[in-house]
Structure formats: C-alpha cells, structure tokens
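The residues making up each chain are set out below.
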Amino acid sequence: MEALAALADPVRRELVALLAHGEVAAGELAERFPVSRPAVSRHLRVLREAGLVTARAEGKRRLYALDPRPLRELDDWLEPYRDLWARRLDALDTEIARGRRARRTGDGA
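Residues numbered from 1 in each chain as written. Predicted model: local features only at pLDDT ≥ 70, side-chain atom pairs only at ≥ 80, totals over all residues. Heavy atoms only, no water.

Draft legend 1. Just helix H2 (residues 10-19), in detail. Of the positions making up H2, those classed as buried are Val 11, Arg 12, Leu 15, Val 16, Leu 18 and Leu 19. The arc enclosing the buried residues of H2, seen along the axis, measures out at 160 degrees, which places them on a common side. Capping of H2 at its N-terminal end is provided by Asp 9; its side-chain oxygen lies 2.8 Å from the backbone amide nitrogen of Val 11. (Buried < 20%, exposed > 50% of the residue type's maximum accessible area, 1.4 Å probe, protein only. Helix = DSSP H or I, 4+ residues; strand = E, 2+ residues; numbered from the N terminus. Arc of directions from axis to C-beta. Polar contact = N/O pair within 3.5 Å; in protein donor to acceptor, adjacent residues only side chain to side chain.)

Below you can see the structure in the form of structure tokens.
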C-alpha cells in the first residue's frame with residue numbers, strides 16, 4: 001500500500017499521469033510544476049521508493065518512466081469495492097428517474 005500513500009499527493013498523481021504517456025526527463029517534468037526542482041525531485045523519489053516509477057541515467061539527464069505493477073496491485077485491491085459503487089450508482093439512477101417522473105406528473109415538490 002506504499003503506492004496508495006504516494007498517490008495521496010496531487011503533484012505525485014500528476015507526475016504519474018504525465019509518465020503514463022512515456023518516459024520523461026526530470027527537468028522536463030519539473031518545468032510543468034509551480035514548485036521548485038528540488039521539490040519535484042523529492043516527489044519523484046517518493047514515487048520511486050513506492051515502486052511507481054523507475055529512473056535511468058542517459059548522459060546528464062535522468063529519465064523517469066511509470067512502472068504499472070503497483071497500480072495493478074491497487075486495482076486488484078479495489079476490485080471487491082466496484083460492486084458497491086455500481087449498486088450506489090444504480091440507486092442514484094433510480095432516484096433521478098423518480099424525480100423526473102414526479103416533475104412530469106406534477107407530484108414533485
């Protein structure tokens with residue numbers, strides 16, 4: 001569950017979203033955020049320690065890439081709760097339909 005804790009921060013979630021499109025240099029990532037480069041570096045370190053990203057050196061650049069394995073583990077962990085959300089959405093849909101019927105028939109408040 002280290003990945004879940006790492007993803008609690010919105011900057012780290014955005015970094016993961018950017019890396020989902022492919023490998024990106026640390027400097028390019030840092031340019032996209034209104035925080036300091038050392039702050040972005042710390043966020044990347046947290047993601048790396050959680051196993052969500054990998055890093056490799058290419059000359060003077062450090063390239064980061066998403067490692068989807070921890071996300072799959074989170075997805076597996078969340079699987080039992082999907083039915084719960086589906087039932088709640090079905091109940092919401094039922095209530096919305098009741099409200100529409102009530103407005104059409106003039107029975108609404």
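Draft legend 2. Highlighting the sheet that holds strand S2 (residues 53-58). Pairing in this open sheet of three strands is antiparallel, and the strands run S1-S3-S2 from one edge to the other. Strands at the two margins of the open sheet, each flanked by one partner only, are strand S1 (24-25) and S2. Where S2 lies against strand S3 (residues 61-66), six bridges are found, and the strand directions are antiparallel. Each bridged residue has a counterpart across the sheet, and for Val 53 the counterpart in S3 is Leu 66. (Pairing = 2+ DSSP bridges.)

Draft legend 3. Broad picture of the nonpolar core. Residues Leu 15, Leu 29, Leu 47 and Leu 52 are the most contacted members of the largest nonpolar core, which totals 20 residues. Secondary structure elements with two or more residues in this core: helix H1 (2-6), H2, helix H3 (26-31) and helix H4 (37-49). In terms of residues, this core owes the most to one element, H2, which gives five residues. Here Leu 47 is in contact with Ala 6, Arg 12, Leu 15, Val 16, Leu 52 and Val 53, once residues within four sequence places are set aside. (Core = buried A, V, L, I, M, F, W, Y, C linked by side-chain atoms within 4.5 Å. Contact = heavy atoms within 4.5 Å.)

Draft legend 4. A look at the pattern of salt bridges. Enumeration according to the criterion identifies eight salt bridges in this entry. With its nearest N and O atoms 2.8 Å apart, the salt bridge here joins Arg 56 to Glu 23. On the criterion of sequence distance, the pair formed by Arg 56 in strand S2 and Glu 23 in the loop between H2 and S1 is long-range, its members being 33 residues apart. Residue Glu 23 is classed as partly exposed on the basis of its relative accessible area, which comes to 41%. In this structure, Arg 56 engages Glu 58 in a salt bridge whose closest nitrogen and oxygen atoms are separated by 3.4 Å. On the basis of relative accessibility, which here comes to 37%, the residue Arg 56 falls in the partly exposed class. What emerges from the salt-bridge pattern is a single network uniting Glu 23, Glu 28, Arg 56, Glu 58 and Arg 61. (Salt bridge = Lys/Arg side-chain N within 4 Å of Asp/Glu carboxyl O.)

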